[in-house]
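Coordinates in review
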Amino acid sequence: MNSDEILKKIENVLNKAKTEFNQTIDETSLEEIYKNYLGKNSLLNNILHSMSNYEPEIRKKVGMSVNNAKIEIEESYQNLKEKLKVANSKSNNSLKIDLTLPGIKIEQFHQHPITSVLNDTVEFFTSMGFEVVEGPEIETAHYNFDALNIPDNHPARDIWDTFYLKCGLIPRTHTSSVQVRTMEAKKPPLRVIAPGRCYRYESVDATHLFMFNQVEGLFVDKTAKLSDLKGILESTVKHLLGVKKTRFRPAFYPFVEPGLDLDIECVFCHGKGCSVCKSSGWIEVIPCGMVHPRVFEYAGINPSEYKGFAFGMGFDRLVMLKYNVNDLRLLYSGNLDVLNQF
Ligand code: DAH
């Protein structure tokens with residue numbers, strides 16, 4: 001090798017060392033590189049050791065070049081070492097974990113109580129072959145009243161404190177409005193539930209809002225009987241509220257005959273009598289009855305061929321009873337302190 005070739009080799013070694021240092025991000029590999037280039041068996045040392053083979057003139061040149069390269073490598077090494085030290089101490093500080101600190105509570109998603117009882121109800125009824133249907137919230141007087149055997153000017157209309165829109169439509173006062181719509185759209189036999197919002201012109205207090213949820217149920221086939229209605233609704237309140245004692249009372253609703261109210265034993269006083277059940281020991285939960293023949297006629301179904309029963313649960317009330325909530329407004333307040341308790 002002539003002197004130019006040796007000098008070129010030294011330059012290459014130096015460049016390679018610099019590139020490797022530049023790519024280093026941790027102290028271990030930095031030491032490794034340092035050993036490779038300046039350690040006992042490094043290439044530069046080997047060149048120095050073989051110097052005795054060369055002419056004095058070449059020896060001088062090569063010796064100087066190796067020394068300069070060594071100085072440059074040493075400098076790069078020291079600089080990088082310092083930089084890595086600073087970087088490491090910074091990241092160590094930011095990673096320090098104090099195991100005695102309390103953990104950060106991760107907020108978990110949960111359903112609104114009304115949604116979760118509604119889902120439970122839907123699951124329960126669909127397991128018995130019921131299907132979920134929907135109707136419009138802004139309804140015609142025909143489906144909300146007339147087709148349910150509640151003609152205009154009939155005093156029974158007063159039971160439902162109705163908002164009237166200028167266009168003549170009404171925000172539905174109950175989900176019973178879905179009954180005739182469904183019977184017109186589907187052929188019997190039918191098993192449907194229709195959950196949804198309803199609106200009434202009420203003064204707002206702990207148990208009344210102008211907007212509330214109901215779930216309507218409708219069962220139609222050739223052999224539907226009152227005992228089917230009783231069996232299904234008794235198992236519904238047992239499933240949803242866990243109550244064992246129930247009773248049916250006669251009641252009047254224009255679209256059913258006979259009409260009934262299903263009561264449960266008061267969940268607050270267990271039948272002893274309290275302010276919630278007005279000392280009766282019972283709470284009314286599901287109005288219901290056998291579909292009135294005139295409603296079938298409105299829907300185009302022959303009442304001597306088909307029978308049916310219907311029920312309408314005031315849904316928010318069920319949620320209040322289930323979770324012992326004494327003010328309906330709390331459920332709609334959006335107050336997380338309240339909702340997080342469920
Ligand atoms: N729609 C009635 C209301 O809101 C409740 C009701 C009563 C629904 C009897 C029914 C029923 O389906 O058969 O007051």
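Bear in mind that the values here come from a model prediction, so they are computed numbers and not experimental data.

Counting its regular elements, the protein chain contains twelve helices and nine strands. Whereas a compact globule of 342 residues would reach a radius of gyration of roughly 20 Å, the protein chain reaches 42 Å, over 25% beyond that. Each of the three principal axes of the protein chain carries a C-alpha extent, and together these read 125 × 45 × 40 Å. Buried positions account for 42% of the 342 residues belonging to the protein chain. Expressed as a percentage of contacts within the protein chain between residues at least 6 apart in sequence, the contacts between residues at least 24 apart total 66%. Surface exposure of the protein chain reaches about 19,700 Å², of which carbon and sulfur atoms provide 53%.

Attention shifts here to the site of the ligand. In the neighbourhood of the ligand, 16 residues make up the surrounding shell, with His174, Ser176, Arg200, Gln214 and Glu216 lying closest. Interatomic distance of 3.3 Å between a side-chain N/O atom of Trp160 and an oxygen atom of the ligand. Considered on its own, the ligand offers 360 Å² of accessible surface; in the complex 95% of this is hidden by protein. Listing elements by their share of the shell around the ligand, those giving two or more residues are strand 5 (211-221), strand 8 (282-291) and strand 9 (307-314). Looking at the shell around the ligand residue by residue, the class counts come to eight nonpolar, six polar and two charged.

As enumerated under the stated definition, the model contains 15 salt bridges in all. One salt bridge connects Arg157 with Asp146, and the closest N-O pair in it is separated by 3.1 Å. Pair noted here: Arg157 is in the loop between helix 6 (141-144) and strand 3 (170-171) and Asp146 is in the loop between helix 6 and strand 3, with a separation of eleven residues, a long-range link. Overall, the relative accessible area of 9% leaves Arg157 in the buried class.

Let us now look at the nonpolar core. The nonpolar side chains of a soluble globular protein tend to be buried, and buried together. If you look at the biggest cluster of nonpolar residues, it comprises 40 residues, and the most contacted ones within it are Phe125, Leu233, Ile264, Val285, Ile286, Phe309 and Phe311. Those elements that place two or more of their residues in this core are helix 5 (113-127), strand 5, helix 8 (226-241), strand 7 (256-265), strand 8, strand 9, helix 10 (315-323) and helix 11 (328-332). Each residue touching Phe125, except ones within four places of it in the same chain, is listed here: Phe130, Ile193, Ile232, Thr236, Phe311 and Met313.

Attention shifts here to the sheet that holds strand 9. On the basis of which strands lie adjacent, the open sheet formed by seven strands has the order 1-4-5-9-8-7-6 and mixed pairing. Both edges of this open sheet fall to strand 1 (131-132) and strand 6 (246-251), since each of them pairs with a single strand only. With respect to the sheet, helix 10 is in contact with strand 5, strand 7, strand 8 and strand 9, its orientation differing from that of strand 9 by roughly 60°.

The next thing to look at is the side chain of Asn45. Position of Asn45 among the secondary structure elements: in helix 3 (residues 43-49). Of note is the side chain of Asn45, whose polar atom sits 3.5 Å from the backbone oxygen of Lys40. A polar contact of 3.0 Å, which involves the side chain of Asn45, links it to the side chain of Lys70. The residues contacting Asn45, other than those within four sequence positions of it, are Leu38, Gly39, Lys40 and Lys70.

Our next topic: helix 7 (residues 177-185). Taken residue by residue, helix 7 has Ser177, Val178, Gln179, Val180, Thr182 and Met183 as its buried positions. Against strand 2 (138-139), helix 6, strand 4 (190-199), strand 5, helix 9 (293-298) and strand 9 lie the buried residues of helix 7.

With that out of the way, let us pick up the packing of aromatic side chains. Taken as a whole and judged by the stated rule, the model has eleven aromatic pairs. Ring plane angle 25° and centroid distance 5.5 Å describe the contact between Phe125 and Phe311, whose orientation is recorded as stacked. Remark: Phe311 occurs in strand 9 and Phe125 occurs in helix 5; sequence separation between them is 186 residues. Accessibility classification places Phe125 together with Phe311 in one group, the buried group. An aromatic cluster of at least three residues, connected via ring pairs, comprises Phe124, Phe125, Phe130, Phe219, Phe309 and Phe311.

Procedures and definitions
- Residues numbered from 1 in each chain as written.
- Predicted model: local features only at pLDDT ≥ 70, side-chain atom pairs only at ≥ 80, totals over all residues.
- Heavy atoms only, no water.
- Helix = DSSP H or I, 4+ residues; strand = E, 2+ residues; numbered from the N terminus.
- Rg over C-alpha atoms; globule rule 2.2 N^0.38 Å.
- Buried < 20%, exposed > 50% of the residue type's maximum accessible area, 1.4 Å probe, protein only.
- Contact = heavy atoms within 4.5 Å.
- Areas by Shrake-Rupley, 256 points an atom, 1.4 Å probe, with all protein chains shown as cover.
- Near = heavy atom within 4 Å.
- Polar contact = N/O pair within 3.5 Å; in protein donor to acceptor, adjacent residues only side chain to side chain.
- Nonpolar A, V, L, I, M, F, W, Y, C, P; charged D, E, K, R; others polar.
- Salt bridge = Lys/Arg side-chain N within 4 Å of Asp/Glu carboxyl O.
- Core = buried A, V, L, I, M, F, W, Y, C linked by side-chain atoms within 4.5 Å.
- Pairing = 2+ DSSP bridges.
- Axes fitted to C-alpha atoms, helices over the stretch in contact; angles between N-to-C directions.
- Phe/Tyr/Trp six-rings, centres within 6.5 Å; stacked < 30°, edge-to-face > 60°.

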